[in-house]
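Observations on the three-dimensional arrangement
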Amino acid sequence: MQLSNKTILITGASDGIGKATAIECAKQGATVIMHGKTQPKLEKLYDEIIEAGYPEPVISPLDFEKMTDKDCQTLNNAIDKEFGKLDGLFNNAGWVGATSPVQHYDLELWHRVMQINLNASFMLTQACIPLLNHDEPGSIVFNLDDKCSAYWGAYGVSKAGLTAFMKILADELESTAINVTGLMPGIVRTAMRTRAFPGEDPTNLTRPDEVATAASFLLSENGKTVGNEPSHGKIYSLENILSVIQQAG
C-alpha cells in the first residue's frame, strides 16, 4: 500500500472530497488525522474507517473560522507527541460563502470566506512545516480552483490567493524534503457544489472518490514524480493525475 505507516492530516474531512480522501488514504494504510468543525460527522467517519478494518484515525475538530495561532500550535504539539512527524498535509477545507457582485458583497462574509479558505490554510501549513520536514519525504497538496470571473467574489479571490501561496511555498521549500503540489479537481459532486448550484444535475459531475484517488497519489511517494518529471511546485488537473495512475497500472 502506497501510504503504509504514513500519517496524513486532511482538512475539511467531514464531507465531500475531504471525507473521500480520508477513506482512501486510510485504505492505503495511512493513519489519517481528520480535521473538521462538525464533531458528529467526524465521529461517523471514524466509525466507517474502523469498520472497514483500516488503521485507526484521529479526530481533530477545529473550526477554521475561529482558529488561532494557539490552536495550530496545540495541534502541532499533539501530532509531534503522538507520531513525532507528519508525512502529508491535504489543504482541502473551503467554503463558497456566496456568489454575488463585488459591489454588493457583504463585508463580514468576505472576511469569513478569506479566513476559512486562505488565512487558516496559511496558519495551519506554517505550523506543520517543521513536522513535515524530516528524513523521509513529506507532501503538501492544495485543493485549488480557478474562479476568477464574475460573481465568485471572496471565494474566487481566496482560491487565487491559495494558488499563489502554494507556488511561493513550493519555491521556498525546494531544497527540503517536502514536496508541494496543487490539484485542480474541477466541478465535483459535493454538498458545497449543490448549495451553490441547487438546480444543477449532479449526475455527470466528478465523484469525490475520483478526486480522492488523485489526492492520495500526490500525497504518496509515488506522487513525487508525474509523467517522469518532478512534481514539486506544479499544479495538475484531475484528468492528468488519473491518466498517470491508469497508465501505471
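Above this text you will find the structure in question.
Overview of the structure. Computed from a prediction, not measured in an experiment: that's the story for all the values here.

What follows covers empty space enclosed by the protein. In total, this model carries 1 cavity of 30 Å³ or more according to the counting rule given. Reported here for the largest cavity is a volume of approximately 40 Å³. Considering only residue class, the lining of the largest cavity consists of 4 nonpolar, 2 polar and 4 charged.

Once that is clear, we can look at the sheet that holds strand 3 (residues 58-61). The parallel open sheet is built from 7 strands, whose spatial order is 3-2-1-4-5-6-9. In this open sheet, the two edge strands, each paired with only one partner strand, are strand 3 and strand 9 (235-237). Neighbour-to-neighbour, the strand axes of this sheet turn through a mean angle of 20°, independent of strand direction. In this structure, strand 4 (residues 88-91) lies alongside strand 5 (residues 138-143), joined through 4 bridges in parallel fashion. Among the inter-strand pairings, leucine 89 is bridged to a residue of strand 5, identified as isoleucine 140. Most of the contacts of helix 4 (residues 107-132) go to strand 4, to which it runs at about 170°, and overall it touches strand 1 (7-10), strand 4, strand 5 and strand 6 (178-184).

On to a negative patch on the surface, then. Together, Glu43, Asp47, Glu48 and Glu51 make up a negatively charged patch on the protein surface. In this fold, aspartate 47 is placed in helix 2 (residues 39-51). You can call aspartate 47 partly exposed: its relative accessible area is 40%.

This brings us to unusual backbone geometry. Phi at asparagine 5 takes a positive value of approximately 65°, unusual for a residue other than glycine. With respect to the secondary-structure elements, asparagine 5 resides in the segment before strand 1. Positioned with a positive phi, tyrosine 151 is a non-glycine residue whose angle comes to about 80°. Note on placement: tyrosine 151 falls in the loop between strand 5 and helix 5 (153-172).

About the cut-offs
- Residues numbered from 1 in each chain as written.
- Predicted model: local features only at pLDDT ≥ 70, side-chain atom pairs only at ≥ 80, totals over all residues.
- Heavy atoms only, no water.
- 1 Å grid on protein atoms, 1.4 Å probe; cavity = no way out; pocket = protein on both sides within 12 Å on 5 of 7 lines; lining within 4 Å.
- Points joined across faces, edges and corners; volume = space filled by probe spheres on them.
- Nonpolar A, V, L, I, M, F, W, Y, C, P; charged D, E, K, R; others polar.
- Pairing = 2+ DSSP bridges.
- Helix = DSSP H or I, 4+ residues; strand = E, 2+ residues; numbered from the N terminus.
- Axes fitted to C-alpha atoms, helices over the stretch in contact; angles between N-to-C directions.
- Contact = heavy atoms within 4.5 Å.
- Patch = residues over 30% accessible without salt bridge, like charges linked within 9 Å, V, L, I, M, F, W, Y side chains within 5 Å.
- Areas by Shrake-Rupley, 256 points an atom, 1.4 Å probe, with all protein chains shown as cover.
- Salt bridge = Lys/Arg side-chain N within 4 Å of Asp/Glu carboxyl O.
- Lys, Arg positive; Asp, Glu negative; His and termini not counted.
- Charge placed at Lys NZ, Arg CZ, Asp CG, Glu CD.
- Buried < 20%, exposed > 50% of the residue type's maximum accessible area, 1.4 Å probe, protein only.

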